[in-house]
Amino acid sequence: MIDPMTALAILAMAGVTYLTRIGGYVVLKNRALSPRATAVMEAAPGCVLISVIAPDFVSRNPADLAALAITVLAATRLSMLPTVVIGVASAGALRWLIG
Amino acid sequence: MSVSEITLAEGKATNRRGAEFRRGLAAATPMLLGIIPYALVLGAQAAQRGLSVLEVPLMTGLNFAGGSEFAAIQLWTSPPHILLIAAITLLVNSRHFLMGAALAPFIRHLPNRQVFPALFLMCDESWAVGLADAQRRAAAGARPAFSLAFYLGAGLAVYLAWVAFTTCGAALGPVLGDVETYGFAMAFPAVFLVLLRGMWKGFAASRPWLVSLAVAALTYLLVPGAWYVAAGALSGLVAAWFLAGET
C-alpha cells in the first residue's frame, strides 16, 4: 500500500517543509534587529497572508469577486466565525445565482 | 512552601494550561470550516493521482502544509520526480521562514525541547492566531506574551482535522465530486482577512501589504506555478524596507 518511491518523495517534502518551519526562528533567535529590519519584520506577516490570498482578488469569476467584496466588508467589522459563514454563504449563493 | 502547597501550585498551573489549550482549540474551530473541504478535495485529488489511502495521511501527517501538498499532487507522476517535488515544496513553503522569524521574539525564551516540536505545528492558521494572540497579550502587558498551550491547542486541532479529512477525501474521493462548487473556498480568504484586520495599524503601516497584494496578483496572472506567494511577500518586504528609511 506504500510505494517506496512515493514514501521517499513524501519524506523529501516533509524534510524540506520542516527546515522552512525552523529556519526563520533559528536564524533570528539570538539576534537583535535594527529598527529598519524590525519594521520589515513587522510588515512580514501581513505581506505573507495577503500574498497567499492574492489570486482571489483577480478571480475571473464575477460571483467570486462579488463574494470577496462582501467578505472584505464583513471582515472589517465582524469576528472570525460570522465572517467565515458570510463568506462561504455569499460565495455559494452568488455562484448559484450568476454562476 | 510545603509539599501540599507545591502540589496545589502545580495543579493550578496544569488547570491554566488546560484552559489555554481549550482556548486554542476554540480559536481554531471556525477555521476548520475552511480546512475540512480543502482537506477532502486534496485527499480526493491525491487518490486520483494514484496515492493510496495510507500514502495520503503519510504525506499530510509528515509534511502538514496544504499549499505544498496541492502543488505536489498537481505535479505527481508515477514514479514521482523527487527533486522537482522537493523544490516546489520549498518554494511554496518559503513563507514559513518569515513566519518563524516573526514568531522568534515571542518564543525565544522557550527551551529547545518545546520550540522544535511546536514549530512542526506551525501552519498559516496556528501561526496567525498564535501570533495575533501574543501581540494582543503583549499590548495588555501579559508576561510571557506567547501562550504555548493556546498555540498548541490551535495547531493540534488543525493538524488532526487536516490528516483525518485528507484521509477521508482519499477514501471517499469518487463519491464527493467537485466540493469546490459549494463556495467553501471563500472560508480561506475570510479567515485571512479577519487576521489581517487584527494586524492593521493604520494605512501608512499597511502600504507594504498593498505592494504584496498587487505583485502577488500580477505574478499569479502572468507566471504559472506557485511563484506568486514568494514574489508578493518579498516585494512587500522590500517596500517595507524603503518605507522605513523614509521616516
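Just above, that's the structure.
Fair warning: this is a prediction, and the values are worked out from it, not measured in the lab.

Parameters and conventions
Within any chain, residue numbers begin from 1 and follow the written order of that chain's sequence. Whichever chain is written first becomes A and whichever ligand is written first becomes 1, with later ones labelled in order. Where totals are concerned, whole chains, interfaces and linings use all residues; where local detail is concerned, this predicted model gives features only for residues with pLDDT of at least 70, and gives and counts side-chain atom pairs only at 80 or more. Labels follow the DSSP assignment, with helices taken as runs of H or I lasting at least four residues and strands as runs of E lasting at least two, numbered in each case from the N terminus. Between the two quantities, the radius of gyration covers C-alpha atoms and the globule rule is 2.2 Å times the number of residues to the power 0.38. Counts of 20 or more other C-beta atoms within 10 Å of a residue's own C-beta define buried residues, counts of 12 or fewer define exposed ones, and intermediate counts define partly exposed ones; C-beta atoms are placed from the backbone. Axis definition: a line fitted to C-alpha atoms, over the contacting stretch in the case of helices. Angles run 0 to 180 degrees between N-to-C directions. In this scheme, roughly parallel covers angles under 35 degrees and roughly antiparallel covers those over 145, while 65 to 115 is roughly perpendicular and the rest are oblique. It is the rotation of the near helix from the far one that decides the hand of a crossing: anticlockwise by less than a right angle makes it left-handed, clockwise makes it right-handed. Contacts here follow a simple rule: the backbone-placed C-beta atoms of the two residues must lie within 7 Å. Residue polarity follows a fixed list, in which Ala, Val, Leu, Ile, Met, Phe, Trp, Tyr, Cys and Pro are nonpolar, Asp, Glu, Lys and Arg are charged, and the others, Gly among them, are polar.

Draft legend 1. The overall build of chain A, seen in detail. A count of helical and extended segments in chain A gives 4 helices and 0 strands. Taken against the 2.2 N^0.38 rule, which gives 13 Å for 99 residues, the C-alpha radius of gyration of chain A at 20 Å runs more than 25% over that of a compact globule. Expressed as lengths along the three principal axes of its C-alpha atoms, the size of chain A is roughly 50 × 50 × 25 Å. Looking at chain A as a whole, 43% of its 99 residues qualify as buried.

Draft legend 2. Examining the packing of helix H7 (residues 124–139) of chain B against helix H9 (residues 187–199) of chain B more closely. Residues and elements named next belong to chain B. Orientation of H7 relative to H9, taken along the N-to-C sense of each, is 25 degrees, at an axis distance of 10 Å. Considered as vectors, H7 and H9 are oriented roughly parallel to each other. Considering only the axes of H7 and H9, their crossing is left-handed. Facing Glu125, Ala128 and Ala132 of H7, the residues of H9 in contact are Val191, Leu195, Gly198 and Met199. The residue inventory of the contact of H7 with H9, partitioned by class, reads 5 nonpolar, 1 polar and 1 charged.

Draft legend 3. Molecular detail of the packing of helix H3 (residues 66–74) of chain B against helix H4 (residues 82–93) of chain B. Residue and element names in this part refer to chain B. Contact geometry of H3 with H4 gives a least axis separation of 9 Å together with a crossing angle of 145 degrees. Crossing hand, H3 versus H4: right-handed. Facing Gly67, Ser68, Ala71 and Ala72 of H3, the residues of H4 in contact are Ile85, Ile88, Thr89, Val92 and Asn93. Counted by class, the contact of H3 with H4 contains 5 nonpolar, 4 polar and no charged residues.

Draft legend 4. Examining unusual backbone geometry more closely. All names here are of chain B. Here the amide bond leading from Ser78 into Pro79 is cis, since omega sits at 0 degrees, within 30 degrees of zero. Here Pro79 shows up in the loop between H3 and H4. Positive phi values are uncommon outside glycine, yet Phe64 reaches one of about 50 degrees. Structurally, Phe64 is set in the loop between helix H2 (55–62) and H3.

Draft legend 5. Focus on the interface of chain A and chain B. Counting residues at the interface gives 58 residues for chain A and 80 residues for chain B. For the side of chain A that touches chain B, the secondary structure elements donating two or more residues are helix H1 (4–28), helix H2 (35–57), helix H3 (62–77) and helix H4 (80–98) of chain A. Here the element with the most residues in the side of chain A that touches chain B is H1 of chain A; it accounts for 20 residues. Residue composition of the side of chain A that touches chain B, grouped by class: 41 nonpolar, 12 polar and 5 charged.

Draft legend 6. How the structure looks around the environment of Arg113 of chain B. Positionally, Arg113 of chain B belongs in helix H6 (residues 112–120). In this structure, the C-alpha to C-alpha distance between Arg113 of chain B and Ala216 of chain B, residues 103 residues apart in sequence, is 36 Å.

Draft legend 7. Focus on the environment of Gly173 of chain B. Residues and elements named next belong to chain B. By the secondary structure assignment, Gly173 is in helix H8 (residues 148–176). The sequence separation of Gly173 and Asp133 amounts to 40 residues, and the corresponding C-alpha distance is 36 Å. If near-sequence neighbours (up to four positions away) are discounted, Gly173 is found in contact with Gly43, Ala44, Ala47 and Gln48.

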